[in-house]
Amino acid sequence: MRTTPGSTGVARAADRVLVVDDDRAVRESLARALELEGYDVVTAADGVQALARTRRDVFSALIVDVMMPHVDGVAVCRVLRADDDRTPLLLLTARAGTRERVAGLDAGADDYLCKPFEVPELLARLRALLRRSPVPDPAPCSSALRVAALRIAPAERRAWWAECELALSRTEFDLLELLVRNEGLVLDHATLYHGVWGESAGVDARNLAGYVGYLRRKLAGAGAPELIHTVRGVGYAVRRP
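Residues numbered from 1 in each chain as written. Predicted model: local features only at pLDDT ≥ 70, side-chain atom pairs only at ≥ 80, totals over all residues. Heavy atoms only, no water.

Undergrad: Give me the pairing of strand β8 (residues 158–161): which residues, what numbers.
TA: Pairing analysis gives four bridges linking strand β7 (residues 150–153) to β8, with the strands arranged antiparallel. Following the sheet pairing, I152 is matched in β8 by A159. Hairpin connection between β7 and β8: a loop of four residues separates the two successive antiparallel strands, and R157 in this loop has a positive phi of roughly 55 degrees. Looking at chain direction, β8 and strand β9 (residues 164–165) are connected through two bridges and run antiparallel. Bridge pairing links W160 to E165 in β9. The antiparallel pairing of β8 with β9 creates a hairpin that spans two residues between the two strands, and A162 there sits at a positive phi of about 55 degrees. (Pairing = 2+ DSSP bridges. Helix = DSSP H or I, 4+ residues; strand = E, 2+ residues; numbered from the N terminus.)

Undergrad: Describe the sheet that holds strand β11 (residues 228–231), with residues and values.
TA: Read across the sheet, three strands follow the order β10-β12-β11 without closing on themselves; strand pairing throughout is antiparallel. Single-partner strands in this sheet number two, and they are β10 (187–188) and β11. Of the pairings in the sheet, the one linking β11 to strand β12 (residues 235–238) comprises four bridges and is antiparallel in character. Its bridge partner being in β12, T230 is matched across the sheet by Y236.

Undergrad: Before we move on, can you summarise unusual backbone geometry with the specific residues and values?
TA: Note that the residue after K115, namely P116, is joined by a cis bond; omega there is -5 degrees. If you trace the backbone, P116 turns up in the loop between β5 (111–114) and α5 (119–131). With phi around 55 degrees, R157 is a residue other than glycine that occupies positive phi space. Within the element layout of this structure, R157 appears in the loop between β7 and β8.

Undergrad: Before we move on, can you summarise the sheet that holds strand β3 (residues 61–65) with the specific residues and values?
TA: Strand order across the open sheet formed by five strands is β2-β1-β3-β4-β5, with parallel pairing between neighbours. Each edge of the open sheet carries a strand with a single partner, namely β2 (40–44) and β5. Across the sheet, the axes of successive neighbouring strands diverge by a mean angle of 20 degrees, strand direction being ignored. Note: strand β4 (residues 89–93) against β5, four bridges, orientation parallel. Among the inter-strand pairings, L92 is bridged to a residue of β5, identified as L113. Helix α2 (residues 47–54) contacts β1 (16–20), β2 and β3 of the sheet and is inclined by roughly 160 degrees relative to β1. Contacts from α5 reach β1, β3, β4 and β5, with the element oriented near 175 degrees to β5. (Axes fitted to C-alpha atoms, helices over the stretch in contact; angles between N-to-C directions. Contact = heavy atoms within 4.5 Å.)

Undergrad: Lay out the packing of aromatic side chains in plain terms, naming residues and giving numbers.
TA: A complete count under the given rule lists three aromatic pairs for this structure. Ring plane angle 15 degrees and centroid distance 4.2 Å describe the contact between Y193 and W197, whose orientation is recorded as stacked. One end of the pair, Y193, and the other, W197, are both in helix α7 (residues 189–197), four residues apart, so they sit about a helical turn from each other. Taking relative accessible area as the criterion, Y193 reaches 6% and is therefore assigned buried. A ring pair is formed by W197 and Y211, whose centres lie 5.5 Å apart and whose planes are at 65 degrees; its orientation type is edge-to-face. Highlighted residues: W197 in helix α7 and Y211 in helix α8 (residues 205–221), separated in sequence by 14 residues. (Phe/Tyr/Trp six-rings, centres within 6.5 Å; stacked < 30°, edge-to-face > 60°. Buried < 20%, exposed > 50% of the residue type's maximum accessible area, 1.4 Å probe, protein only.)

Undergrad: Can you break down the side chain of E172 residue by residue, with the values?
TA: By secondary structure assignment, the location of E172 is in helix α6 (residues 170–181). Among the polar contacts listed, one links the side chain of E172 to the backbone nitrogen of S169, at a separation of 2.9 Å. Once residues lying within four places of it in the same chain are set aside, the contact partners of E172 are A167, Y211, Y214, L215 and K218. (Polar contact = N/O pair within 3.5 Å; in protein donor to acceptor, adjacent residues only side chain to side chain.)

Undergrad: How would you summarise the nonpolar core if you had to cite specific residues and measurements?
TA: One finds L150 and L175 to be the most contacted residues of the largest nonpolar core, which totals 54 residues. L175 has contacts with L192, V196, L208, Y211, V212 and L215, leaving out every residue within four places of it along the chain. The next biggest cluster of nonpolar side chains, apart from the first, holds 20 residues, and it includes A33, L34, Y39 and L113. (Core = buried A, V, L, I, M, F, W, Y, C linked by side-chain atoms within 4.5 Å.)

Written out as C-alpha cells, the structure is:
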C-alpha cells in the first residue's frame, strides 16, 4: 500500500468501516489513513473475526483482503450475501488476474482493488461505494442466529432447539455460537480454539473434540438431527440437515 497526500473526501458522520487483513502492518496503516479522513474504523485479523463483527455491529462499508488463512475474503463475501447482508464491500488482493477479479465480483463484492494501490484511489472507491448506499442505522442488529430449528440469542447467551432450551456451559455456548455464525464453512482446529479460548491459548484438538461431543449430545437430547459435522484432519462445520 502506497500513501499519497492530498485527499479531498470527507466522511459522513455515521460512516463506520471494517478493515479486514491478516497482515497487521497493512491493517493498521489502512486504519490510520481512514481515520485521518474522518471514518470510524474497526479492524479484524481474519475472516472469522470479520463475520463475527458484521453480525454484531453495523458498518457503512467493508474493506476485505482476499488472501487470508482459514476463511478468505471471497468466502466472507459469499457468507454475508447468503445472509442477505448488502453492506458495500471492497475486496483487496495481490492477485491481478481476470479470473480472481471475476470470482470476487461473482461472490457479491461491489468493487475490487489490486495491491499495491495508492491510498487516494482506495479512498475514492470507498466514497463511490458510500454514495450508492444509504447511511446505516447506527443501532446494531440484535436478531437471533438460526440454523434449521436451532435458535441462538447472543445477547442473552441462550440457545434453543425448537421449544427446548439447551443447558450450555459458557464454553459450549461460545463454541456453538462461533460455528453457527460461520454456518457452512469448515473452521479448522486453530480457528475454533483461538475463537473460544483466546489467541494466546495453545491448540488442544482433543479438548476441542470433547466440547464438540458435549454439544452434539445436548443437541441430540433436544431432538436435533446432526448439525455439527467433522471434517477429518481439518476441523468442524455446522450444516443444515
